[in-house]
Amino acid sequence: MRIPTSRNPKLTASLNPNLTSSINPRLTSSINPKLTSSINPKLTSSINPVLTLSINPKLTSSINYKLTSNRNPNLTSSINPKLTSSINPNISSNISGLYLFDLALNTVGFTVSSDPNYWLLFDPLCHFTGVAVSSRQNVFVEFDLDNNFVGFFIHAKAQSWLRFNVNNDWVGLTT
């Protein structure tokens with residue numbers, strides 16, 4: 001993927017959670033769901049798709065990509081990076097979506113936004129892997145292609161979001 005230097009956490013210290021404590025949940029409790037209950041889906045029902053039906057795509061058709069064509073990249077070319085070069089990070093170095101990284105700062109994917117409250121998730125080869133739905137300001141819940149809840153994103157700053165699995169383990173970040 002063609003990641004601009006300004007959005008690469010290996011090259012820009014302010015995006016690297018190993019060098020910037022304000023985006024490291026191990027060092028900043030306000031962005032750690034294990035220490036801050038308001039961002040812990042196990043403790044806060046408004047961000048738990050098992051308890052809040054409006055953020056559960058299995059129960060709310062308007063956020064189910066299988067039932068809503070404008071949220072399905074297989075049916076809408078403008079949100080399909082294989083068909084729209086401006087959102088494909090293998091072609092364009094300045095996508096509007098987020099780049100996804102694991103904790104070793106390896107690129108694991110990117111997002112395409114069909115609207116500000118809905119992200120489509122793709123791997124580096126542009127394979128559709130899941131979606132993320134805004135559950136409230138600064139929190140997105142993540143689902144796989146079977147609409148199973150698999151994790152969530154917590155906003156840290158600017159385009160930096162921290163990615164957690166359902167056990168509240170920190171697994172990645174965005175730029």
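So, here is what we can say about the structure in this document. Here, residues in each chain are numbered from 1, in the same order as that chain's written sequence. Residues qualify for local features only when their pLDDT is at least 70, as the model is predicted, and side-chain atom pairs are given and counted only at 80 or more; totals for whole chains, interfaces and linings, by contrast, use all residues. The side-chain numbers reported here are obtained from all heavy atoms of the structure, hydrogens and water having been left aside.

### Brief notes about the overall build of the chain
Here is step 1: Under the scheme used here, helices are H or I runs from DSSP no shorter than 4 residues and strands are E runs no shorter than 2 residues, and both carry numbers assigned from the N terminus. A count of helical and extended segments in the chain gives 0 helices and 8 strands.
Here is step 2: Ordering the α and β elements of the chain from the N terminus gives β-β-β-β-β-β-β-β.
Here is step 3: In terms of overall dimensions, the chain is globule-like: its C-alpha atoms have a radius of gyration of 15 Å, near the 16 Å expected for 175 residues.
Here is step 4: Seen through its principal axes, the chain has C-alpha atoms that stretch 40 × 40 × 20 Å. With C-alpha atoms as the basis for the radius of gyration, the globule rule is written as 2.2 Å multiplied by the number of residues raised to the power 0.38.

### Some points on the pattern of salt bridges
Here is step 1: Counted as salt bridges are all cases of a side-chain nitrogen of Lys or Arg within 4 Å of a carboxyl oxygen of Asp or Glu. Overall, the coordinates contain 4 salt bridges when judged by the stated rule.
Here is step 2: Put simply, lysine 66 and aspartate 146 hold a salt bridge, and the shortest N to O gap is 4.0 Å. With a gap of 80 residues between them, lysine 66 in the segment before strand 1 (99-102) and aspartate 146 in the loop between strand 5 (139-144) and strand 6 (149-157) connect regions that are remote in the sequence.
Here is step 3: Residue classification places lysine 66 among the partly exposed positions, given a relative accessible area of 46%.
Here is step 4: A salt bridge links aspartate 115 to arginine 71, with the nearest nitrogen and oxygen atoms 3.0 Å apart. Each residue is placed in one exposure class: buried if its accessible area under a 1.4 Å probe, protein chains only, is under 20% of its type's maximum, exposed if it is over 50%, and partly exposed if it falls in between.

### A look at the side chain of serine 92
Here is step 1: Structurally, serine 92 can be placed in the segment before strand 1.
Here is step 2: Under the relative-accessibility criterion, serine 92 is labelled buried at 19%.
Here is step 3: Contacts described as polar in this section are N or O atom pairs within 3.5 Å, which, within protein, must combine one atom able to donate a hydrogen with one able to accept it, while residues neighboring in sequence count only if both atoms come from side chains. A distance of 3.4 Å separates a polar side-chain atom of serine 92 from the backbone nitrogen of asparagine 94.
Here is step 4: For this analysis, residues touch if any pair of their heavy atoms sits within 4.5 Å. Ignoring any residue separated from it by four or fewer positions in sequence, one finds serine 92 in contact with Arg2, Ser85, Ser86 and Tyr99.

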